[in-house]
Amino acid sequence: MTNDKTPVFFVGIGGIGMSALARYFLYYGYTVGGYDRVRTPNTIALEEQGAHILYQDNPDELPPEFRAPAPFQVVYTPAIHEDNQLRQYFSAHGYPQVKRAKVLGEITRRHRALCVAGTHGKTTTCTLLTHLLRSSHIGTNAFLGGISLNYRSNLLLDEASPYVVVEADEYDRSFHQLHPDHAIITATEPDHLDIYGTAEAFHEAFDHFAGLIPSGGTLLVHEDALIHSHPDGVTRFTYGQRASSDYHYSHLTYDRGELYFDWHFPGGIFEKLRIGTPIEVNVLNATAALALAQKLGATEDELRQGLRTFLGAHRRFERTTLPDGRVVIDDYAHHPDEIRASLDSIHKLYPDHHVTVVFQPHLYSRTRDFLRAFGEALSVADDVLLIPIYPAREEPIPGITSDAILPHIQAEHKAAVTKEELIPELEAHHPFDILVMMGAGDIEFEIPKVIRHFSE
């Protein structure tokens, strides 16, 4: 990307990663335009900040500053395929199209990048690391993979800080474009096998990412992650629950709806830390975020304050209490291990409560690859409702539907329904104490409908 304030057009501007980039360029005075399929809170916020956004894949709708032969730059996300008419228009007129990951990689060159990678847990870990640093004397910039509930944004800028926290996305090997000074790897359970093909290739991609850290950097790896790379001059630590890990936690206790734990680090312990999002899975994420923030110089008082005031990220275990006391939890979990960890935390937080899960599978290929694993992970719930697969960038695969998961679910009550049937089905057949709505697709637009209905 150039530094001469040439206008930038984002194809797929509403995505969480693309919208953060668009906000970055808007902040620095660029003219920003973009396209996305639907108008969402993300795109509305960008429009309010000055972006010109199209919702029709029609080059005739382009404003003059993004029409040939005007000088402008094009950034795209792989989620928008080459058959997109706008992308075809830009190609036909000779405009280079740059992947989002490459632009983000160039930005990380300008800062000391703190990159968080992993199959799951990276958005919460990123968001928490950001909040810990911004609650300290260190500060940071951040490109987040979710909307921080503390800051109501996925982009945070701090021109006084040399650091930038970046969510390192493994999809399409995007994280290989980054330049990490320090990195956290939260998990390496295989995913995106439509891209990688094999578990071995997936693990090799993480080894390559770890190898990007320069001498003098730090690598924090979850105790169960399969990372063989150990670059020269890079200090490697493990973290997790086991006492054998360099950083670990112990003595989890719930007291009046709050969650406390002891955090162990090389040479010491901080006792009875309180986390603002009282679920066990976030204690694991906190163990890593605390470690890196401490390595960068955050004090114990700063870490305690940041952890206590952390509100979490939008759609990461986001809770709403209904007028009758029942709870609806919005959770982005879309991999079997994420689902299992989330439901385990829910049962500990709400023992002896009736838990109903509404799950939307994300991608036909992921559903095909993890049919049995999805069923086993969901089986710990009392009731399970499945809504149709969110395809994102994919075409249907014969025989792969949400219904195909049902035989692998052992929950007492289970069903597959359309989105239109969801509320009537819940009303008639699935009384709940805790309702968990899970998935990375457009289930997020059904959640407000459900909350409104059961609040009346």
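The sections below set out a description of the structure shown in this document.

The rules behind each value
Residues numbered from 1 in each chain as written. Predicted model: local features only at pLDDT ≥ 70, side-chain atom pairs only at ≥ 80, totals over all residues. Heavy atoms only, no water. Helix = DSSP H or I, 4+ residues; strand = E, 2+ residues; numbered from the N terminus. Polar contact = N/O pair within 3.5 Å; in protein donor to acceptor, adjacent residues only side chain to side chain. Contact = heavy atoms within 4.5 Å. Axes fitted to C-alpha atoms, helices over the stretch in contact; angles between N-to-C directions. Parallel < 35°, antiparallel > 145°, perpendicular 65-115°, else oblique. Left-handed = near helix turned anticlockwise from the far one by under 90°. Expected span 1.5 Å × (residues − 1). Buried < 20%, exposed > 50% of the residue type's maximum accessible area, 1.4 Å probe, protein only. Pairing = 2+ DSSP bridges. Salt bridge = Lys/Arg side-chain N within 4 Å of Asp/Glu carboxyl O. Core = buried A, V, L, I, M, F, W, Y, C linked by side-chain atoms within 4.5 Å.

## Considering the side chain of Arg-366
And step 1. Assignment of secondary structure puts Arg-366 in helix α11 (residues 364-369).
And step 2. A distance of 2.9 Å separates a polar atom in the side chain of Arg-366 from a polar atom in the side chain of Asp-191.
And step 3. Ignoring any residue separated from it by four or fewer positions in sequence, one finds Arg-366 in contact with Asp-191, His-192, His-334 and Phe-374.

## Focus: the packing of helix α5 (residues 122-134) against helix α8 (residues 280-295)
And step 1. Interaxial distance between α5 and α8 falls to 9 Å at its minimum, and their mutual angle equals 45°. Between α5 and α8, the interaxial angle falls into the category oblique. In this structure, the crossing between α5 and α8 has a hand that is right-handed. Here α5 contributes Thr-124, Thr-125, Leu-128, Leu-129, Leu-132 and Leu-133 to the contact with α8, which in turn contributes Asn-282, Asn-285, Ala-286, Ala-288, Ala-289, Leu-290, Leu-292 and Ala-293.

## Description of helix α7 (residues 199-210)
And step 1. Between its first and last C-alpha, α7 extends 17 Å over 12 residues, near the 16 Å set by a 1.5 Å rise per residue.
And step 2. Within the sequence span of α7, burial applies to Ala-201, Phe-202, His-203, Ala-205, Phe-206, Asp-207, Phe-209 and Ala-210.
And step 3. For α7, the elements touching its buried residues are β6 (112-117), β9 (163-168), β10 (180-185), α6 (193-196) and β11 (218-222).

## Thoughts on α8
And step 1. Between its terminal C-alpha atoms α8 stretches 23 Å, which fits the 22 Å expected from 16 residues at 1.5 Å a residue.
And step 2. The buried fraction of α8 amounts to 12 of the 16 residues, a majority that puts the element mostly inside the structure.
And step 3. The complete set of buried residues in α8 reads Glu-280, Asn-282, Val-283, Asn-285, Ala-286, Thr-287, Ala-288, Ala-289, Leu-290, Ala-291, Leu-292 and Ala-293.
And step 4. Just downstream of α8 lies Gly-297, where phi reads positive at about 115°.

## Some remarks on the sheet that holds strand β20 (residues 413-416)
Sheets are built from strands that pair by backbone hydrogen bonding, the pairs being arranged parallel or antiparallel.
And step 1. The strand order across the open sheet formed by 6 strands is β16-β17-β21-β18-β19-β20, and the pairing between neighbours is mixed. At either end of the open sheet lies a strand with only one pairing partner, and these are β16 (318-321) and β20. Adjacent strand axes in the sheet meet at a mean angle of 15°, parallel and antiparallel pairs treated alike.
And step 2. Pairing geometry for β16 and strand β17 (residues 327-331), over 4 bridges, is antiparallel.

## Some words on the pattern of salt bridges
And step 1. One pass over the full model with this rule turns up 17 salt bridges.
And step 2. One salt bridge in this structure joins Glu-170 and Lys-122, with 3.2 Å as the shortest N-O distance. Residue Glu-170 is found in the loop between β9 and β10, and its partner Lys-122 is found in helix α5; the two are separated by 48 residues along the sequence.
And step 3. Since its relative accessible area comes to 10%, Lys-122 is described here as buried.
And step 4. One network of salt bridges, in which partners are shared, links Glu-223, Asp-224 and Arg-242.

## Brief notes about the nonpolar core
Most often, soluble globular proteins have nonpolar side chains that are buried together.
And step 1. Ranked by internal contacts, the top residues of the largest apolar core, which has 44 residues, are Phe-10, Val-32, Phe-143, Phe-175 and Leu-219.
And step 2. Elements with a minimum of two residues in this core: β1 (8-11), α1 (16-27), α4 (100-109), β6, β9, β10, α7 and β11.
And step 3. At 7 residues, α1 tops the list of elements feeding residues into this core.
And step 4. By size, the runner-up hydrophobic cluster in this structure holds 39 residues, among which are Leu-129, Phe-237, Ala-288 and Ala-298.

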